[in-house]
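The primary structure of each chain is shown beneath.
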Amino acid sequence: MHELVLFASVPSHQHHELLQQLAGLTAMQPRHRLERRLIFKAYRRPGLINTRGGTGRDVQGADIVRLNKMLNGGMFYTQVIGPISEADFHNTKPSSSADPDHPMSHDEAAGNSYDYDSQPWKLEFRDIPEAGTRSTITARLTASATLPRGDIVTPMDAWGYSFVTEYVVEGDVFIHNDIVIFLHRVLQYPSHGQEPHEPRRQLPSFRDMSPLERTGGYILQAAITVQDGSNQELMRTASQHLFGLREQLKSVVRLEHADRLSLDTRAK
Amino acid sequence: MAESFKLPLRPIIEKRDRPDSLPRDIAQINAQWGSFRELSEAGLREKIEADKRKDQWAEEDEADTRAAELDDSDRKEQLYKRRAEIIQYALQAHMEASFALDFVSLLLSKHNPRQAETSMSPFLKTAAPLGSLNADVVNPPPRPDSALRDIKSVSRGWRLQSFNNAANKLLNAGSRLDTEVAAETGYWNEVLAVKEKGWKVCRLPREGQALGVQYGFLEATPIFRDRGLAALRRGEEGRLVLDKGLIPRKAQGVRVRVKCRDRIIGCSEVCRPAQDAETIESRILQARDTLFEEELFHEVMREARILGSQGVTTRQNLVCVPVSEEQEILLDLVDWDQDHASAGTAISSEHNALADAISHSIRILLTYAHRQNLRRRTQYPPPLAPKRRPVPEYQILRPIMAYLQHKSHIQWLETFIGDLRRVLESAGIGCDFKATDFSSIGVLPPSHVVSKVEALVGVFLAPFESTFSGTLTTPQSSFQVRIRTSPVVPPFGTFYDISAHLPQFPDVQPPSRIGLQEEVAEAVTHFVMLDIASSISLRNTQSRDASGGPGQQATGQLAWEVAYPHHGELLAVDSGGQSKKMKVNLSREELTVETYSLIRADGFPNPVAARSSTLLTQTWKPGSEPQPSLADFVTRASQASA
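Residues numbered from 1 in each chain as written. Chains lettered and ligands numbered in written order. Predicted model: local features only at pLDDT ≥ 70, side-chain atom pairs only at ≥ 80, totals over all residues.

1. Concerning the overall build of chain A
The number of helices and strands found in chain A is five helices and nine strands. In sequence order, the secondary structure elements of chain A are arranged as β-α-β-α-β-α-β-β-α-β-β-β-β-α. Across the 268 residues of chain A, 18% fall into the buried class. Once local pairs closer than 6 in sequence are excluded, the contacts in chain A between residues at least 24 apart make up 77%. (Helix = DSSP H or I, 4+ residues; strand = E, 2+ residues; numbered from the N terminus. Buried ≥ 20, exposed ≤ 12 C-beta atoms within 10 Å, placed from the backbone. Contact = placed C-beta atoms within 7 Å.)

2. Some thoughts on the overall build of chain B
A count of helical and extended segments in chain B gives 14 helices and 18 strands. By the burial criterion, 22% of the 642 residues in chain B qualify as buried.

3. A look at the pairing of strand S14 (residues 561-564) of chain B
Residues and elements named next belong to chain B. One ladder, built from three bridges, connects S14 with strand S15 (residues 569-573); its direction is antiparallel. In the sheet register, Val-562 faces S15, and the bridge partner there is Leu-570. Between S14 and S15, which follow one another and run antiparallel, lie four residues, and Gly-568 among them has a positive phi close to 70°. (Pairing = 2+ DSSP bridges.)

4. Thoughts on the interface of chain B and chain A
Contacts between the two partners involve nine residues from chain B and, on the opposite side, 13 residues from chain A. Looking at the side of chain B that touches chain A residue by residue, the classes come out as seven nonpolar, one polar and one charged. (Nonpolar A, V, L, I, M, F, W, Y, C, P; charged D, E, K, R; others polar.)

5. Looking at the pairing of strand S6 (residues 161-176) of chain A
All names here are of chain A. Here strand S2 (residues 31-42) pairs with S6 via twelve bridges, running antiparallel. Opposite Arg-37, over in S6, you have Tyr-167 as the bridge partner. Across nine bridges, S6 lies against strand S7 (residues 179-188) in antiparallel orientation. Considered in S7, the bridge of Asp-172 is made with Leu-183. In this structure, the hairpin formed by S6 and S7 is closed by a connection of two residues, where Asn-177 is found at a positive phi of approximately 55°.

6. Regarding the confidence of the model for chain B
Residues and elements named next belong to chain B. Overall, the prediction assigns chain B a mean pLDDT of 79, with 84% of residues at 70 or greater. When the elements of chain B are averaged for pLDDT, helix H3 (residues 58-69) gives the smallest value, 59, and helix H4 (residues 72-108) the largest, 92. Note on residues 548-554: pLDDT is under 50 here. Beyond four places in sequence and across chains, it has six contacts. Here residues 607-611 is modelled with pLDDT under 50, and outside its nearest four sequence neighbours on either side it reaches eleven contacts, counting other chains as well. As scored by the predictor, the complex reaches a pTM of 0.71 and an ipTM of 0.77. (pLDDT = per-residue confidence, 0-100.)

7. Focus on the sheet that holds strand S1 (residues 200-203) of chain B
All names here are of chain B. What the four strands build is an open sheet, ordered S1-S2-S3-S4; its pairing is antiparallel. A strand with exactly one partner marks an edge of an open sheet, and here the two such strands are S1 and strand S4 (240-243). This sheet shows a mean twist of 35° between the axes of neighbouring strands, independent of strand direction. In terms of strand pairing, S1 meets strand S2 (residues 211-214) through four bridges, oriented antiparallel. From the neighbouring strand, Arg-203 faces S2, where its bridge partner is Leu-211. Contacting S2, strand S3 (229-234) and S4, helix H9 (residues 280-306) crosses the sheet at an angle of about 10° to S4. (Axes fitted to C-alpha atoms, helices over the stretch in contact; angles between N-to-C directions.)

8. With respect to the nonpolar core
Residue and element names in this part refer to chain B. One finds Val-300, Ile-362 and Leu-397 to be the most contacted residues of the largest nonpolar core, which totals 44 residues. Taken domain by domain, the makeup of this core includes at least three residues from each of domain 2 (201-337 + 344-376) and domain 3 (399-640). Apart from residues lying up to four places away in sequence, Leu-397 is in contact with Val-300, Glu-303, Ala-304, Leu-307, Val-312 and Val-321. Formed by 40 residues, the second largest nonpolar core is a distinct cluster that contains Val-481, Val-524, Phe-527 and Ile-536. (Core = buried A, V, L, I, M, F, W, Y, C linked by C-beta atoms within 7 Å. Domains from an automatic or database assignment.)

9. Quick notes on the sheet that holds strand S10 (residues 432-436) of chain B
Residue and element names in this part refer to chain B. Pairing within the open sheet is antiparallel, and its four strands lie in the order S10-S11-S12-S13. Each edge of the open sheet is held by one strand with a lone partner, namely S10 and strand S13 (493-501). Averaged over all adjacent pairs, the angle separating strand axes in this sheet is 15°, with direction ignored. The pairing of strand S11 (residues 464-471) with strand S12 (residues 478-486) spans eight bridges and is classified as antiparallel. Note that in S12 the partner of Phe-468 across the bridge is Val-481.

10. Description of the confidence of the model for chain A
When pLDDT is averaged across chain A, the result is 81; 82% of the residues are at 70 or more. Contacts for the low-pLDDT stretch residues 93-111 of chain A, under 50 throughout, to residues beyond four places or in other chains number eight contacts.

11. A short note on the environment of Thr313(B)
Residue and element names in this part refer to chain B. The residue Thr-313 is located in strand S7 (residues 313-315) in this model. C-beta crowding within 10 Å serves as the criterion here: with 14 such atoms nearby, Thr-313 is assigned to the partly exposed category. Taking the C-alpha atoms as reference, Thr-313 lies 9.8 Å from Leu-330; in sequence the two are 17 residues apart.

12. Notes on the packing of H9(B) against helix H10 (residues 349-377) of chain B
Residue and element names in this part refer to chain B. Between H9 and H10, whose axes approach to 11 Å, the crossing angle comes to 90°. On the basis of the axis angle, H9 is roughly perpendicular to H10. Of H10, the residues touching H9 (which contributes Leu-296, Glu-299 and Val-300) are Ile-362, Arg-363 and Leu-366. The residue inventory of the contact of H9 with H10, partitioned by class, reads four nonpolar, no polar and two charged. (Parallel < 35°, antiparallel > 145°, perpendicular 65-115°, else oblique.)

13. Let's talk about helix H1 (residues 21-33) of chain B
All names here are of chain B. For H1, spanning 13 residues, the distance from its first C-alpha to its last is 18 Å, which sits close to the expected 18 Å at 1.5 Å a residue. With zero of 13 residues buried, H1 is to be regarded as a mostly surface element. Of the residues one or two after H1, Gly-34 is the one with positive phi, at around 85°. (Expected span 1.5 Å × (residues − 1).)

So, in structure tokens, the structure goes:
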């Protein structure tokens, strides 16, 4: 699959207004979304890559080339995305309204609401954007797959990925025909010195999450996915749809392509 | 304050000095009328009247009448002459005009040669070089005082007239603006009233200057969605006019009629009294309703076309849905005010209610489809592919057809089982039937994904299911009929699943999924018949057990054995070796039990030979006079031989 994307940055004071404008444009109410995003990095397990030995005769020459390419090709960072809800966060009520006698029991009850073991996950792979061809639009190869629930590090490790870090994305989704408009921002976990080496099993209070962009600005992302990236006509239609949206939103935000190298997912 | 402020626009006309005017007037009168003495008021009035009455074209008419007197040849000659004259004048005028043009062009060519050259005649161009003529201002000779005075007064008059004109124009413009402002105020008030009623008022996408009101349904098919926007234009005196473009003015609605054996027996309510049709609100409502109805009919038509295999037929403006063998539902799009009670109708309120229910249902189902559209639209779209997703036909007719079909099948089965029960009861056989209609429509499971209303409608889109169960005479035997009608997924139509639990015949099971009512009736009758036969034999066994002795009964009764259960035949051998046969015959109308005596054929272990004579016959029919029950009959038959 291919993905065509345009981005715009939205200052925080414009956020509310833009939400309303988008709701009017798409004739739908925004769908709030909270996602945990885990970053995994592919690594090469020493001694495991050995394509020459043990290949049966049934593996044809072209297959070997493909296999080689897959195993020895570039290494990428991938994202594992898990949808969560605000209730999953450790919600501590303001101290004035909380019961002062039983703070612990309250914490426990609230803390138990998030069940890490039943958290669904989805693997999202994004290639580095294509160079040159469509300089006015960001086009990249994508792939996604559903992963098992719960503890994700073990299977990912088995596939040769190691956990790097995680963050939370908060935003609203609009659907405009084939275009998915995602107005979101990145939230960081409160840092307590050492960054953990595996995904958090408990989520902190939502109010403790701090936006990565200090001013509280949002990113507007308009994306359209195409089944077959080699179909030029489809790609053209898709980009025309995106340009149409850019024209419609021209007076509000400036949608534009992103710097290619800033979206580089290759692991060096 | 602003209103009281008045700016005098008209010039103030000064009174002329009286003294010198009278001699002048007298001089004028003398010049005009000859003598002052001949002038009288009456004479002047006559003159004015005559001027008024005088026809402008009178002179020409006179000429015409004179011309008519001339004969043809003269007229023709005169015509040519006049024509030549006209042409001559025209040529002369043309010549003079071109001279003038040439002159001016030549004069201008001094200062503006390029432009002047274009209007010069070719002859002049060759004859005179460009810029060879110049003009200069010379001092005009001094004019006499009288001429100067004349010019002054004339220019004063012109100025006065111009001031007057300007004042008139300004005042006209002022009053026009007044009415305009009033009209505009009225228009905006009405627009605001429309907006306050909750309608969506917006700018027209193609016509940035005009306002529009959106009354359509966002989730409708694009052609109907785009029509749900009408311009709000300002009409006469600021009244709001709803400009719907090229849509027919007539309000229309979908009418549902119930037809039974070529006769219309029920009709839904289409006509809604148009109360105060003049308000803009009601016009918007009417436009919306018409749009909805048209879309409804469009979708019904679209769905009807794929239902051809199920007997649905379409005409240009009619959809005909068969429900049962004699009943049909007709749907058509009619004007609101059309006379619905057409000739040859025998409308009953019951069928009217049915038609009304159907017409409400199709509207609910269309709005449900709209909601589904919204749901689909706001989901993550699939990746763009060369093949577009087809828009599936809405489910409007199918659930209704399925429901009605299911209902008619239930009714049939109920009457059938009721008949059977009456037959059995008349023979003294107790049985118990229980029906659960529409068991598939139960309690809604609480769901936070789907709203309650949608879940409620969703139930009617699922297959319908009803069960009938009955216990039979023999202990532990029972049967169950499950009726299932699926509106959407094939196999379409209604199917019966019969399951029987007969301890005496554990292997007997009916075929699954029976579609025909006759087969169902046969199967159920067969089971009941099997049950009766086995109950007769069982009764013997019980009585024997009760008497305590094995073998031949102490009471001297015959022991009936079920010999050919599927034919309802029982056999018994009496003490003298004489065989007797009992045949049970059950149908929807009656139960007949006959006994025969059989002659044993030699060499055959079983008495299969032809019956000799009928010994006893008894028929039970519901409604006939009370007769001895089956049990009594069996006892009698058993004893008759003894």
